[in-house]
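# Architecture at a glance
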Amino acid sequence: MNQIFNYDNGFFRAVNKMVDGLWVSILWMLFSIPIITFGASTTAFYYAVHKSLRGDRGYIWRCFWSSFKSNFKQTTKIWLMMMVIFAFLFVDSRIMYTYAQQGSKIGMMYFFFLILMVFQTVWGIYIFTYSARFENGFKDTIKNAGIIAVLNLPWSILALALLAVGTLIVFISPITVTFIPTVVMYLYDILLEKIYRKYMTKEDLEKEEALELGNHF
């Protein structure tokens, strides 16, 4: 009987994980409402999932808020820049689409702008998750995230597919917005951490392993 109500047993740990998963999804949505904070919120989302939800190191709120504050300035600048670029690409794609409907050859540029928008989406996935894991300047973060995305193209396509599937599920059933974002971000952490570890120094890897090992005791 005591084992049943032991908060360290598998059942209660699973329940706590589910509650934390719902909580971090809600935090992400709330902090993304102003739109301009979406970049900082997404960075904090990934950090909280990596450190607290998957890594069992710290509480969800503390991890989320700590990352949000420390990365706010840089990730907001990046997000605003990305919004401007995406708006430019979207408008150009619509113009080219109109030309294509009229039978003009220049309308084929529609596909070029569409590909650029897709790549920017993938780039954004890497930028904000990279920002959560590494401390780099504005230019280095953008450059490194882009390079990593290209060098790991098959995984980048998978990351895009996960985002597309998650978005589709939420579109079909809006109530799932309370947990699907966390599911997608959790899968990102599994996928992207394998990639990011390839670019970490030996010292950083040793620190990570020490933290993970200490977490099992």
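Details of the structure are given in the entry above.
Before going into details, it helps to say that this report is about the structure given with it. Nothing here was measured: the structure is a model prediction, and the numbers come from that model. (Residues numbered from 1 in each chain as written. Predicted model: local features only at pLDDT ≥ 70, side-chain atom pairs only at ≥ 80, totals over all residues. Heavy atoms only, no water.)

A few words now on the environment of Lys51. The topology assignment puts Lys51 in helix H2 (residues 38-54). The spacing of Lys51 and Phe64 is 13 residues in sequence and 9.5 Å in space, taken between C-alpha atoms. Beyond its immediate stretch of four places on either side in the chain, Lys51 contacts Asp56, Arg57 and Cys63. (Helix = DSSP H or I, 4+ residues; strand = E, 2+ residues; numbered from the N terminus. Contact = heavy atoms within 4.5 Å.)

Now for helix H3 (residues 60-101). If you check H3, its first and last C-alpha atoms are just 50 Å apart, much less than what 42 residues at 1.5 Å a residue would give, namely 62 Å. At Phe72, H3 shows its largest bend, some 65 degrees. With its phi angle positive at about 90 degrees, Gly103 sits one or two positions after the end of H3. (Expected span 1.5 Å × (residues − 1). Bend = angle between axes of the 7 residues up to and from the residue.)

This part covers unusual backbone geometry. Not every positive phi belongs to a glycine, and Ile35 is a case in point at roughly 70 degrees. Its location among the elements puts Ile35 in the loop between helix H1 (10-32) and H2. Judged by its relative accessible area of 47%, Ile35 falls in the partly exposed class. At Asp56, a position not held by glycine, the phi torsion is positive, near 55 degrees. Structurally, Asp56 is set in the loop between H2 and H3. (Buried < 20%, exposed > 50% of the residue type's maximum accessible area, 1.4 Å probe, protein only.)

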